[in-house]
Amino acid sequence: MIDEFMEAAIGEARQGLSEGGIPIGSVLVRDGKIIGRGHNKRVQDGDPITHAEIDCLRNAGRVGNYKNAVLYSTLMPCYLCAGAVVQFGIKKVYAGESETFSGAKEFMESHGVEVINLESDECKEMMRKFITERPELWNEDIGEL
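Remember, it's a predicted structure, so these values are computed and weren't measured experimentally. (Residues numbered from 1 in each chain as written. Predicted model: local features only at pLDDT ≥ 70, side-chain atom pairs only at ≥ 80, totals over all residues. Heavy atoms only, no water.)

Chemist: An account of the pattern of salt bridges is requested, with residue identities and associated values reported.
Modeler: Overall, the coordinates contain 13 salt bridges when judged by the stated rule. Of the charged contacts in the structure, one is a salt bridge between Lys105 and Glu109, with a shortest N-O distance of 3.8 Å. Placement of the pair is Lys105 and Glu109 together in helix H5 (residues 105-110), with a separation of four residues, close to one helical turn. (Salt bridge = Lys/Arg side-chain N within 4 Å of Asp/Glu carboxyl O. Helix = DSSP H or I, 4+ residues; strand = E, 2+ residues; numbered from the N terminus.)

Structural data, given as structure tokens:
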């Protein structure tokens, strides 16, 4: 079931794609409200660290305690982003899918994070299409050049 927060993350992914980037989006939610949103900007910013979840956390700013925050991402977070989740004490992550990229689910779970994979067909199709059309950019993003 895709809720309004995953829809917002998907919107971020689409925005990233429209900017010539990689279609991965993320939102940070607390008390039923989006407090941060972002998308992968590695291409746009020329910055290898600007993954969707990192951009989202940057845009949320200093929020103090993250323990009641929930992170939504259109793709299972990688180890970089999973590290940020663990570091900030985020206890729940919703991932749109993990079929096109398995990510770091086990790492997050081993640190007490509840990870829910929505297995969204929309998220899978968006990534499959991108990987087919831009394999060199995708392989750069996941460090497999």
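Chemist: Which residues make up helix H3 (residues 52-60), and what values do they have?
Modeler: Counted residue by residue, H3 has seven buried out of nine residues, so it is predominantly covered. Within the span of H3, buried status applies to Ala52, Glu53, Ile54, Asp55, Cys56, Leu57 and Ala60. Tucked into the core, H3 has its buried residues touching strand S1 (25-30), strand S2 (33-39), strand S3 (69-73) and helix H4 (79-88). Downstream of H3 by a residue or two, Gly61 has a phi angle that is positive, lying close to 75°. (Buried < 20%, exposed > 50% of the residue type's maximum accessible area, 1.4 Å probe, protein only. Contact = heavy atoms within 4.5 Å.)

Chemist: Account for the environment of Ala60, naming residues and giving values.
Modeler: By the element assignment, Ala60 lies in helix H3. Spatially, the C-alpha atom of Ala60 lies 26 Å from that of Glu122, the residues being 62 residues apart in sequence. Those residues in contact with Ala60, other than ones at most four positions away along the chain, are Leu28, Ile35 and Gly36.

Chemist: Pulling in residues and values, what's your account of the environment of Glu119?
Modeler: Within the element layout of this structure, Glu119 appears in the loop between strand S5 (114-117) and helix H6 (121-133). Taking the C-alpha atoms as reference points, Glu119 and Ile2, separated by 117 residues in sequence, lie 9.6 Å from one another. With residues up to four places along the chain from it excluded, the contact list for Glu119 reads Ala95, Gly96, Glu97 and Lys124.

Chemist: An account of unusual backbone geometry is needed here, citing residue identities and associated values.
Modeler: Phi is positive for Asp31, which is not a glycine, with a value near 55°. Structurally, Asp31 is set in the loop between S1 and S2. Classification of Asp31 by relative accessible area gives exposed; the value is 69%.

Chemist: Tell me about the pairing of S5, residues and numbers included.
Modeler: Each regular strand displays side chains that alternate between the two surfaces of the sheet. As defined by bridge partners, strand S4 (residues 92-95) adjoins S5 across four bridges and the pair is classed as parallel. Looking across to S5, one finds that Val93 is bridged to Val115. (Pairing = 2+ DSSP bridges.)

Chemist: Explain the packing of helix H1 (residues 4-18) against H6 residue by residue, including any values.
Modeler: Where H1 contacts H6, the axes come no closer than 11 Å and their chain directions differ by 15°. In terms of orientation, H1 and H6 fall into the roughly parallel class. Judged by the sense of rotation from one axis to the other, the crossing of H1 with H6 is left-handed. Two secondary-structure elements touch here, H1 through Glu7, Ile10, Ala13, Arg14 and Leu17 and H6 through Glu122, Cys123, Met126 and Phe130. A breakdown of the residues in the contact of H1 with H6 according to their chemical character gives six nonpolar, no polar and three charged. (Axes fitted to C-alpha atoms, helices over the stretch in contact; angles between N-to-C directions. Parallel < 35°, antiparallel > 145°, perpendicular 65-115°, else oblique. Left-handed = near helix turned anticlockwise from the far one by under 90°. Nonpolar A, V, L, I, M, F, W, Y, C, P; charged D, E, K, R; others polar.)

Chemist: Go over the nonpolar core, please, and point to the residues and values.
Modeler: Leu28, Tyr66, Leu71, Val85, Ile90 and Met108 are the most contacted members of the largest nonpolar core, which totals 22 residues. Within the residue set of this core, elements represented by two or more residues are H3, S3, H4 and S4. Residues contacting Met108, with those up to four places away along its chain left out, are Met76, Pro77, Ala82, Val85, Val86, Val93, Val113 and Val115. Among the nonpolar cores identified, the runner-up in size contains 14 residues, and Ile10, Val27, Val29 and Leu118 belong to it. (Core = buried A, V, L, I, M, F, W, Y, C linked by side-chain atoms within 4.5 Å.)

Everything listed here is a matter of coordinates, which is why it stays silent on function.
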